[in-house]
Amino acid sequence: MTPHRIWVYGDNVNTDVIFPGKYTYTLKTPADIAAHALEDLDATFVANVQAGDVIVAGRNWGAGSSREQAVTALKYNGISAIIAASFGGLYFRNCINQGVRPIICAELAPLVRAGDRIEIDGDTVRFGANSFPIPALSASAQRILDAGGLVPMLQLRFRGTVGAIQIGGGE
């Protein structure tokens, strides 16, 4: 298990702070989108983030608009997971659709500081002597995440290598 360096943020960080709305329709490339991640909250983030880093946040991470760039801006910077006490519902689903693992864990944020390292092992987050269970996703959401996002999962599915998704409940 490789330890992940963490970035720590507080409560109610909305999508406009994660990725400024003024860039929504003007920036198109992953590099351009990545360059503006968290610019109004943490001016050091883009210059210092590394592939495999994880964000740990408080309550209501990603509240606000349904703008997927608020997830892709972090993904394009190498963020592999976001752990929060709670998520805005649209943001949580955008994480899954974009292949970034959203983890609900209210107990972790008060214990950690920016730069600390945690381990994520399947169904458990570990920090020092503390272990926290990761809530399971529905089977269809887990398949999307395992494939790297919704588009890659659909590409695999249409090639016949992923089981069918159940649409409209049941999972």
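Residues numbered from 1 in each chain as written. Predicted model: local features only at pLDDT ≥ 70, side-chain atom pairs only at ≥ 80, totals over all residues. Heavy atoms only, no water.

Trainee: It is not clear to me how the overall build of the protein should be interpreted in this structure. Could you clarify?
Mentor: Within the protein one finds 7 helices and 7 strands. Helices (α) and strands (β) of the protein occur, in sequence order from the N terminus, as β-α-α-α-β-α-β-α-β-β-β-β-α-α. Against the compact-globule benchmark of 16 Å for 171 residues, the protein has a radius of gyration of 16 Å, which places it among compact chains. Seen along its three principal axes, the alpha-carbon backbone of the protein occupies a region of about 45 × 45 × 25 Å. Burial status across the protein gives 43% buried among its 171 residues. Taking contacts inside the protein between residues at least 6 apart in sequence as the whole, the part at least 24 apart equals 65%. Of the roughly 8,500 Å² of accessible surface on the protein, a fraction of 52% belongs to carbon and sulfur atoms. Each charge sign in the protein was given a centre, from 14 positive and 15 negative side chains, and these centres are 5 Å apart. (Helix = DSSP H or I, 4+ residues; strand = E, 2+ residues; numbered from the N terminus. Rg over C-alpha atoms; globule rule 2.2 N^0.38 Å. Buried < 20%, exposed > 50% of the residue type's maximum accessible area, 1.4 Å probe, protein only. Contact = heavy atoms within 4.5 Å. Areas by Shrake-Rupley, 256 points an atom, 1.4 Å probe, with all protein chains shown as cover. Lys, Arg positive; Asp, Glu negative; His and termini not counted. Charge placed at Lys NZ, Arg CZ, Asp CG, Glu CD.)

Trainee: Sorry if this is basic, but what is going on with the packing of helix H6 (residues 139–147) against helix H7 (residues 150–158) here?
Mentor: Pairs of packed helices are described in terms of their axes, by the angle between the two and the distance that separates them. At a minimum axis distance of 7 Å, the contact between H6 and H7 shows a crossing angle of 95°. Classified by the angle between their axes, H6 and H7 sit roughly perpendicular to one another. Two secondary-structure elements touch here, H6 through Arg143, Ile144 and Ala147 and H7 through Leu150, Pro152, Met153 and Leu156. Its residues assigned to classes, the contact of H6 with H7 comprises 6 nonpolar, no polar and 1 charged. (Axes fitted to C-alpha atoms, helices over the stretch in contact; angles between N-to-C directions. Parallel < 35°, antiparallel > 145°, perpendicular 65-115°, else oblique. Nonpolar A, V, L, I, M, F, W, Y, C, P; charged D, E, K, R; others polar.)

Trainee: What is the right way to look at the sheet that holds strand E7 (residues 130–133) in this model?
Mentor: Whether parallel or antiparallel, the strands of a sheet pair through hydrogen bonds between backbone atoms. Strand order in the open sheet formed by 7 strands is E4-E3-E2-E1-E5-E6-E7, and the pairing between neighbours is mixed. Strand pairing shows two members of the sheet lacking a second neighbour, strand E4 (101–104) and E7, which therefore form its edges. On average, each strand axis in the sheet is tilted by 30° relative to the strand beside it, whichever way the strands run. Note that strand E1 (residues 4–8) and strand E5 (residues 117–121) share 2 bridges and pair antiparallel. Residue pairing in the sheet places His4 in a bridge with Ile118 of E5. (Pairing = 2+ DSSP bridges.)

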